[in-house]
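Coordinate inspection notes
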Amino acid sequence: MDYLKLASIFCAAFAVAFGALGPALAEGRAVAAAMDAIARQPEAANTISRTLFVGLAMIETTAIYCLVIALLLLFANPLLA
Amino acid sequence: MNSPLSSTVLFTIGPVPINQAVLTTWAIMAVLVLGAALLSRRLTLVPGKRQAALELIVATLDTQIVETTGAKPAPYRGFIGTLFLFILVANWSSLIPGVEPPTAQLETDAALAVLVFLSVIWFGVRSGGLIGYLKSFAAPNPVMIPLNMLESLTRVFSMFVRLFGNVMSGVFVIGIVASLAGLLVPIPLMALDLLTGLVQAYIFAVLAMVFITSAVEDGKPAPAEAKTTPSPPKKDI
C-alpha cells in the first residue's frame, strides 16, 4: 500500500475525530444555556427550544463538513485516481 | 460498501441518465401532487375530518412562517411549505425498504439549494426592485460588496452540504450497522434518523425563510420613522 492511501485513511480519521470535538463541546454549552433559560422562564420554552434546534443544526454543520471531507478522502480522492 | 458520493444509473432516456434518486423524487412528487389534489377537493366552510387535518398542516406552517419572519405568510406559504413537505417526505422515504432517500444524493440537495438561491433573488427583487436589491449588497458600506456576494453563495452552499451530510450519514451509518450486526440492531438508529430528518427539513425551510426575509427587508427603502420603532430582531446567520 503506497503512502498516499495510508495518509488519506489517517487524515480521514483525524478529520472526523478532531472535527467532532469542537461541535460536541459547543453543543454541550448551547444545550446547557438553553436548559438554564427554560428553567428561568418556562413559558418561553417553545421559542427557546425552536431556536436551540436551529442553533444545534448550525453547530453540527461543522462536524458534517469534516465528515464530508473524510468521505471525499476515502471515496473520491483525486490523488488516488 | 458503495461510495455515498456516487449513484447507480438505472436506465437512460435519450442522453439523460436516470438514477434511483431521480426515480424516487418523481414518486414523491407524484404522491405529494396527487395527495394534495385529492385531499383538497370539495373544500367546505365547515370542515370535515379530512379538511380539518389539512387545515392543521397549513395553519402550523403559517404559524412557523409568521414566527420566523413577522410578515404575512401568504406570499411564502407555497414555496416554503412545499420545500418543507418535500424534504420531510424525502428524508422519511428511507423507511420504505429498498428506497434510498433522494436527499442523500448530492444532486437533489444541490438542486434544492439552487432553488433557495434563486428565490432569495426573486423575493428580494420583487420587494425592493432591482436597484434596491443590488443596493442591499452595499450595506453597511461599499467595502462589504465582495463579502456580501461571497456570503450569499456560501450560505446556500452550507445549506446544501448540511442537508446532504445529515441525511447521507444517517443512511450510511444504518448501512454499516446492518452489515455488521444484523437485522434488528439498526432500529434505534432509524428512529434517530426520523428525528434528524424532521429537524433537517425544518432547518432547511427556516433558513430559506430567514434568507428570503433578510433580502426582502434589506431591499426595502428605509421608512422615515424607522429609527424610533424597534425593528423585529433579525436573525443573522
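Computed from a prediction, not measured in an experiment: that's the story for all the values here. (Residues numbered from 1 in each chain as written. Chains lettered and ligands numbered in written order. Predicted model: local features only at pLDDT ≥ 70, side-chain atom pairs only at ≥ 80, totals over all residues.)

Side note on the overall build of chain A
Of regular secondary structure, chain A possesses 2 helices and 0 strands. Relative to the globule expectation of 12 Å for 81 residues, the C-alpha radius of gyration of chain A, 18 Å, shows a markedly less compact shape. Considered along the principal axes of its C-alpha atoms, chain A spans approximately 60 × 15 × 10 Å. (Helix = DSSP H or I, 4+ residues; strand = E, 2+ residues; numbered from the N terminus. Rg over C-alpha atoms; globule rule 2.2 N^0.38 Å.)

Side note on the overall build of chain B
The helix and strand tally for chain B stands at 6 helices and 2 strands. Start at the N end of chain B and walk to the C end: the helices and strands fall as β-β-α-α-α-α-α-α. If one aligns the C-alpha atoms of chain B with their principal axes, the spans along those axes are about 65 × 55 × 40 Å. Within the span of chain B, comprising 237 residues, buried residues form 28% of the whole. For chain B, long-range pairs separated by at least 24 residues make up 65% of all intrachain contacts whose partners lie at least 6 apart in sequence. (Buried ≥ 20, exposed ≤ 12 C-beta atoms within 10 Å, placed from the backbone. Contact = placed C-beta atoms within 7 Å.)

Considering the confidence of the model for chain B
Of all residues in chain B, 92% have pLDDT values of 70 or greater, and the mean over the chain is 84. At the low end of the mean pLDDT range in chain B sits strand β1 (residues 9-13) of chain B, at 81; at the high end sits helix α3 (residues 74-92) of chain B, at 91. (pLDDT = per-residue confidence, 0-100.)

What to know about the interface of chain A and chain B
Accessible area lost during the coming together of the parts is what is often quoted as the interface size. In this assembly, 12 residues from chain A lie in contact with 14 residues from chain B. Per-class residue counts for the side of chain A that touches chain B are 11 nonpolar, 1 polar and no charged. (Nonpolar A, V, L, I, M, F, W, Y, C, P; charged D, E, K, R; others polar.)

Some remarks on the pairing of β1 of chain B
Residue and element names in this part refer to chain B. Of all 5 residues that make up β1, 0 are buried, and the element is exposed over most of its length. Note that β1 and strand β2 (residues 16-19) share 4 bridges and pair antiparallel. The residue bridging isoleucine 13 from the neighbouring strand is valine 16, located in β2. Hairpin connection between β1 and β2: a loop of 2 residues separates the two successive antiparallel strands, and glycine 14 in this loop has a positive phi of roughly 60 degrees. (Pairing = 2+ DSSP bridges.)

Things to note about the nonpolar core
Ranked by size, the top nonpolar core spans 37 residues in total, and within it Phe204, Ala205, Ala208 and Ile212 of chain B carry the most contacts. Elements represented by at least two residues in this core include exactly α3, α4 (106-135), α5 (145-181) and α6 (187-219) of chain B. No other element matches the 12 residues that α6 of chain B contributes to this core. Leaving out residues up to four positions away in the same chain, alanine 205 of chain B has contacts with Ile80, Leu83 and Phe84 of chain B. Counting residues in hydrophobic clusters, the runner-up holds 10 residues, among them Ala63, Leu67, Leu71 and Leu73 of chain A. (Core = buried A, V, L, I, M, F, W, Y, C linked by C-beta atoms within 7 Å.)

Points about α4 of chain B
Residues spaced three or four apart along an α-helix point in a common direction, a consequence of the helix completing one turn every 3.6 residues. Along its 30 residues, α4 of chain B runs just 33 Å from first to last C-alpha, ending more than 12% under the 44 Å computed at 1.5 Å per residue. Within the span of α4 of chain B, buried status applies to Thr108, Asp109, Leu112, Ala113, Val116, Val120, Phe123, Gly124, Gly128 and Tyr133 of chain B. (Expected span 1.5 Å × (residues − 1).)

Here we look at the environment of threonine 8 of chain B
Residue and element names in this part refer to chain B. Position of threonine 8 among the secondary structure elements: in the segment before β1. Given 10 C-beta atoms within a 10 Å radius, threonine 8 is considered exposed. Spatially, the C-alpha atom of threonine 8 lies 9.1 Å from that of alanine 21, the residues being 13 residues apart in sequence. Residue contacts for threonine 8: discarding those within four places in its chain leaves Asn19 and Gln20.

So, the environment of leucine 118 of chain B
As for its placement among the helices and strands, leucine 118 of chain B is situated in helix α4. Expressed as a C-alpha distance, the spacing of leucine 118 of chain B and asparagine 166 of chain B, which sit 48 residues apart in the sequence, is 23 Å.

Some words on the packing of helix α1 (residues 3-40) of chain A against helix α2 (residues 45-75) of chain A
All names here are of chain A. Where α1 contacts α2, the two axes come as close as 8 Å, and the packing angle between them is 175 degrees. Here α1 lies roughly antiparallel to α2, going by the angle between them. Counted by class, the contact of α1 with α2 contains 23 nonpolar, 6 polar and 2 charged residues. (Axes fitted to C-alpha atoms, helices over the stretch in contact; angles between N-to-C directions. Parallel < 35°, antiparallel > 145°, perpendicular 65-115°, else oblique.)

Details of helix α2 (residues 49-69) of chain B
Under the 1.5 Å per step criterion, the end-to-end length of α2 of chain B is 30 Å for 21 residues, consistent within 8% with the ideal 30 Å. Immediately downstream of α2 of chain B, the backbone of glycine 70 of chain B shows phi near 75 degrees, a positive value.

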